[in-house]
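Analysis of the macromolecular model
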Amino acid sequence: GENVEQHPSTLSVQEGDSAVIKCTYSDSASNYFPWYKQELGKGPQLIIDIRSNVGEKKDQRIAVTLNKTAKHFSLHITETQPEDSAVYFCAPYSGAGSYQLTFGKGTKLSVIP
Amino acid sequence: GAGVSQSPSNKVTEKGKDVELRCDPISGHTALYWYRQSLGQGLEFLIYFQGNSAPDKSGLPSDRFSAERTGGSVSTLTIQRTQQEDSAVYLCASSLEISSTDTQYFGPGTRLTVL
């Protein structure tokens, strides 16, 4: 099965600074790479995803980059705001023939005003 | 449009009792998934449905856990003879189709506490 590692586990940044979270995976057959944001008491919310035919995708202040050779993908948040404070999860599919997401352990991001 | 809904939002039960958790997927989504989120184990996959059938039950932690889906829509996760280690948030997700590239959308979860 897929092994997923996510770093760092906690991240504190000043408002306006950038935040980067990295996710490594083991299954070379994986071809879909989402990032979810989870606020306290809520379910995970998809914020951005990338498929293996592209290397980077941007949506306003959020971007995801993918390196399939090295088997890692990263979440980039620029101009952070207090409302970005949450737990972020990477969750690649477990590869060909499997339809379950394998979640990383999560990164707790705190944006300090 | 409406997202994935789950009920109840919170459930407190006594050890040994049975519980039923309900999930209402996004309209038109053929695939439905159950996950569990606990402090010790993080977010872990339980089972998925394509239509009414469940080809992959590998994530169910024991035979006390079962799930069904009727009419290709609502799903129920049943836990029999609950144990304290079953305490967790149970999350449901749905996607348009079964695919290794389809986005899964999550509901708010049901927080289960077994006393």
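What counts, and at which threshold
Residues numbered from 1 in each chain as written. Chains lettered and ligands numbered in written order. Predicted model: local features only at pLDDT ≥ 70, side-chain atom pairs only at ≥ 80, totals over all residues. Heavy atoms only, no water. Helix = DSSP H or I, 4+ residues; strand = E, 2+ residues; numbered from the N terminus. Rg over C-alpha atoms; globule rule 2.2 N^0.38 Å. Contact = heavy atoms within 4.5 Å. Areas by Shrake-Rupley, 256 points an atom, 1.4 Å probe, with all protein chains shown as cover. Lys, Arg positive; Asp, Glu negative; His and termini not counted. Charge placed at Lys NZ, Arg CZ, Asp CG, Glu CD. Buried < 20%, exposed > 50% of the residue type's maximum accessible area, 1.4 Å probe, protein only.

1. Section: the overall build of chain B
Looking only at helices and strands, chain B features zero helices and 11 strands. For 115 residues, the compact-globule formula gives about 13 Å, and the C-alpha radius of gyration of chain B, at 13 Å, lands near that figure. By sequence separation, contacts in chain B at least 24 residues apart represent 56% of the contacts at least 6 residues apart. Roughly 5,400 Å² of accessible area belongs to chain B as shown, and the carbon and sulfur atoms make up 44% of that amount. Counting 10 positive and 12 negative side-chain charges, chain B places the centres of these two groups 6 Å from one another.

2. Considerations on the overall build of chain A
A tally of regular secondary structure across chain A gives zero helices and 10 strands. Each principal axis of the C-alpha distribution contributes one length, and for chain A these read about 45 × 30 × 20 Å. A total of 113 residues make up chain A; the buried ones form 46% of that total. In chain A, once contacts between residues fewer than 6 apart in sequence are set aside, the share between residues at least 24 apart is 53%. On chain A, roughly 5,500 Å² of surface is accessible, and the fraction owed to carbon and sulfur atoms is 46%. Averaging the locations of the 11 positively and 12 negatively charged side chains of chain A gives two centres separated by 5 Å.

Interpretation note: all reported values are geometric properties and have no functional meaning in isolation.
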